[in-house]
Structures are given as C-alpha cells and as structure tokens.
Amino acid sequence: MSLNGKTAIITGSNSGIGLGVAHELARAGANVVINSFTDTAEDHRLAETIGKEHEITARYIQADMSKPEQCRALIEQAGGCDILVNNAGIQHVAPVEDFPTEKWDAIIAINMSSAFHTTAAALPMMRRAGWGRIVNIASAHGLTASPFKSAYVTAKHGVVGLTKTVALETAREPITANAICPGYVLTPLVESQIPDTARKYEMSEEEVKQKVILERQPSKEFATVEQVGGTAVFLCSAAAAQITGTTISVDGGWTAL
Ligand code: NAD
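About the thresholds
Residues numbered from 1 in each chain as written. Predicted model: local features only at pLDDT ≥ 70, side-chain atom pairs only at ≥ 80, totals over all residues. Heavy atoms only, no water. Helix = DSSP H or I, 4+ residues; strand = E, 2+ residues; numbered from the N terminus. Rg over C-alpha atoms; globule rule 2.2 N^0.38 Å. Buried < 20%, exposed > 50% of the residue type's maximum accessible area, 1.4 Å probe, protein only. Contact = heavy atoms within 4.5 Å. Axes fitted to C-alpha atoms, helices over the stretch in contact; angles between N-to-C directions. Parallel < 35°, antiparallel > 145°, perpendicular 65-115°, else oblique. Left-handed = near helix turned anticlockwise from the far one by under 90°. Nonpolar A, V, L, I, M, F, W, Y, C, P; charged D, E, K, R; others polar. Near = heavy atom within 4 Å. Polar contact = N/O pair within 3.5 Å; in protein donor to acceptor, adjacent residues only side chain to side chain. Areas by Shrake-Rupley, 256 points an atom, 1.4 Å probe, with all protein chains shown as cover. Domains from an automatic or database assignment. Pairing = 2+ DSSP bridges. Buried area = accessible area lost by both parts, 1.4 Å probe. Right-handed = clockwise from strand over helix to strand, strands pointing away.

Helix and strand content of the chain: nine helices and seven strands. For 257 residues, the compact-globule estimate of 2.2 N^0.38 gives 18 Å, and the C-alpha radius of gyration of the chain, at 18 Å, lies within 12% of that figure. Dimensions of the chain, computed from C-alpha atoms along their principal axes, come out at roughly 55 × 40 × 35 Å. Within the span of the chain, comprising 257 residues, buried residues form 52% of the whole. Contacts in the chain between residues far apart in sequence, at least 24 positions, make up 72% of those at least 6 positions apart.

Written as structure tokens, this is what we have:
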C-alpha cells in the first residue's frame with residue numbers, strides 16, 4: 001500500500017504509540033510530522049532517523065497539545081495535512097473526590113480537546129486536497145470504564161463522540177474519521193503506572209503486568225505499537241474508504257468481555 005506524497009501529522013509522537021504509528025505510516029510511504037511539547041536535539045534526531053530509515057521526509061514540530069492555539073499552529077506550520085493522527089495523551093489515576101482539578105483539566109485538554117482543534121485546522125486542508133484521513137487514538141477506555149480514571153475515560157469517550165460527529169460532517173466527501181481503541185500497550189505511559197501499583201498490591205512488577213494490568217485483556221498479551229500503527233495504515237488504505245465514524249479495537253478481546 002502506498003501513501004507516497006501524503007503528509008501525516010501525528011500528535012504526541014516522540015514516544016510510544018505515536019512513534020510507532022509514525023514509523024508504520026512512513027513505512028507505507030507517507031511523509032511524517034513528529035510532535036511533542038518538548039524541543040530537544042533528540043526530538044529532531046528522531047525525525048531525521050525516521051526520514052532516513054523509510055526514505056521519506058520527516059520533520060519535528062514542537063507544539064503543546066494542551067494549548068488550543070498551538071494545536072492549530074501545528075497543522076498550519078506543517079503546511080498540509082492529508083492524514084491526521086490525534087494521539088497525544090497523558091494519564092492520572094485517583095478517586096473522583098481526590099482527583100486534582102489541574103490534572104482533570106490537563107487530561108481533558110491534551111487527550112480530548114486537542115483533537116477538536118487539530119481537526120478543525122486540518123479539515124480545510126483535506127478538503128482542498130480532495131482526500132483526508134483522521135485517525136484518533138482513543139482507547140478501550142473510550143468504550144468502557146475503569147475506576148479511578150475519570151478524566152481519562154471521559155476524554156476517551158469524548159474522542160469517540162468527536163470521531164462520529166466529524167465522520168457525519170464529512171460523510172459525502174473523500175474524508176474519513178475513525179478511532180482506534182487499543183487495550184494495554186507497553187509504552188512509557190503504562191510502564192510509569194507499574195511501580196506504584198506494585199507497591200500498592202505488594203507484588204513484583206512482572207506480577208503487576210500479568211495479574212493487574214492484563215487482568216482485563218483476555219489474550220494476556222500487550223498489544224504492540226506496530227499493531228496500532230498497522231491499523232492506522234489500514235484506515236488510510238483504499239479498502240477502508242467506506243469505513244468512517246467507527247471504532248476499531250486492538251485490545252486482545254477486552255471489550256468483548
Ligand atoms: P506515551 O507516554 O509513550 O506517549 C504519549 C505521547 O504524548 C508522548 O510523545 C508525549 O510527549 C506526548 N504528549 C504528552 N503531553 C503532550 C502535550 N502537552 N503536547 C504534545 N504532546 C504531548 O504514551 P502512549 O501509551 O504511547 O500513549 C499514546 C496515546 O495512546 C495516548 O492518547 C493514550 O491515551 C493512548 N493509549 C495508550 C494505551 C496504552 O496501553 N499505552 C492504550 C490505549 C490508548
């Protein structure tokens with residue numbers, strides 16, 4: 001499958017799933033824009049490495065997805081957007097009554113509202129180009145809930161709602177909007193939750209992975225960034241042209257339970 005000549009912008013892509021999606025889109029021929037809120041030499045080197053590895057153009061553009069104007073500036077600065085992958089995300093775990101307001105606001109802004117702002121900025125470009133693919137990285141938590149993740153679950157359900165709405169608004173155009181709902185993928189976001197959980201349950205970190213984290217994932221295996229990236233590539237393929245406004249789970253059976 002060839003995405004040659006297409007420009008893909010992946011938010012929050014200097015790590016984890018975003019980086020994996022960037023690699024898979026680049027492997028399929030797309031030029032990619034890598035993003036995060038930092039602006040280090042390592043960030044720019046990462047883009048250079050992806051560009052060389054897949055023989056495409058890769059750029060790093062710094063933009064903080066918690067800031068509406070920076071979300072929109074990312075798209076404008078890229079100069080074109082055929083494929084938009086809204087992936088940036090953070091997590092915080094606490095009971096509702098103890099959930100810090102600033103964490104709630106940050107999760108809603110980064111995990112949900114950023115997708116609204118980037119989509120609003122990208123749609124006119126997609127319309128001008130006569131083709132567009134919006135792929136939102138939601139979560140199994142966009143379809144189901146877990147205790148202590150109120151902001152994350154709310155934001156991810158919101159992303160699924162935004163996906164459906166954008167799909168309806170673009171239904172008569174060669175533009176699609178879909179959400180990928182991964183189960184657990186072993187990325188820094190998940191790994192950072194392991195030590196605390198191990199302390200809480202007095203378990204080893206390996207036991208936490210198997211007995212706590214993968215408890216709800218019937219396959220008992222983590223999904224991989226390559227699998228999520230491959231699903232994004234599929235959603236950009238001709239075979240997926242009539243797939244819009246839906247969710248695709250990559251969750252080892254979690255949401256079938
Ligand atoms: P990660 O921590 O490895 O990556 C998160 C990315 O978002 C990083 O590149 C980080 O720099 C970026 N980011 C954070 N705050 C940002 C901001 N203000 N502006 C711009 N970029 C910012 O985590 P991940 O697991 O790869 O998560 C990526 C996405 O996948 C998130 O939306 C997450 O909710 C979703 N997801 C992850 C899992 C999982 O198990 N890892 C499961 C389902 C969904």
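This paragraph deals with the packing of helix H1 (residues 16-27) against helix H2 (residues 41-54). Two elements in contact, H1 and H2, have axes whose closest approach is 9 Å; the angle formed by their N-to-C orientations is 30 degrees. It follows from the interaxial angle that H1 and H2 lie roughly parallel. Between H1 and H2 the crossing geometry is right-handed. Where H1 approaches H2, its residues Leu19, Ala22, His23, Ala26 and Arg27 are matched on the opposing element by Leu46, Ile50, Glu53 and His54. Split into classes, the residues belonging to the contact of H1 with H2 amount to five nonpolar, two polar and two charged.

What follows concerns the site of the ligand. Near the ligand lie 31 residues; those nearest to it are Asn14, Ser15, Ser36, Tyr152 and Thr187. Within the contact set of the ligand, an oxygen atom lies 2.7 Å away from a backbone nitrogen or oxygen of valine 185. Within the contact set of the ligand, an oxygen atom lies 2.4 Å away from a side-chain nitrogen or oxygen of threonine 187. Starting from 820 Å² of accessible surface for the ligand in isolation, the protein chains cover 93%. Among the elements of the structure, H1, strand S2 (31-36), helix H5 (150-169) and helix H6 (188-191) are those that each provide at least two residues to the shell around the ligand. If you tally residues by element for the shell around the ligand, the top one is H6, at three residues. The residue makeup of the shell around the ligand, split by class, is 16 nonpolar, 13 polar and two charged. Residue contributions to the shell around the ligand reach at least three from each of two domains, namely domain 1 (7-185 + 223-250) and domain 2 (186-221).

As summarised here, the arrangement of the seven strands in space is S3-S2-S1-S4-S5-S6-S7, forming an open sheet in which the pairing is parallel. Each edge of the sheet is formed by a strand with only one pairing partner; in this case those strands are strand S3 (58-62) and strand S7 (247-250). This sheet shows a mean twist of 20 degrees between the axes of neighbouring strands, independent of strand direction. Inspection of the sheet shows S2 paired to S3 by five bridges, in the parallel sense. The partner of asparagine 35 across the bridge, within S3, is isoleucine 61. Of the strands in this sheet, strand S5 (132-137), strand S6 (175-182) and S7 touch helix H9 (residues 225-235), which is tilted by about 160 degrees from S6.

Here we take up the domain arrangement of the chain. For the chain, the assigned domains are domain 1 (7-185 + 223-250) and domain 2 (186-221). Summarising the inter-unit geometry, the C-alpha centres of domain 1 and domain 2 are found 25 Å apart. Counting the surface lost from both domain 1 and domain 2, the interface buries some 950 Å², and carbon and sulfur atoms represent 53% of this. Among the residues domain 1 hides against domain 2, the three largest losses belong to Gln91, Tyr184 and Val185. Together they make up 51% of the total.

Let us look at the pairing of S5. Where burial is concerned, most of S5 is hidden: six out of the six residues are buried. Residues of S5 alternate between two faces, with Gly132, Ile134 and Asn136 on one and Arg133, Val135 and Ile137 on the opposite face, all of them buried. Two strands pair when backbone bridges link them, and S5 and S6 are joined in this way by six bridges, in the parallel orientation. Within the sheet, the bridge partner assigned to valine 135 lies in S6 and is asparagine 178. As for the winding sense of the linkage, the β-α-β connection from S5 through H5 to S6 is right-handed.

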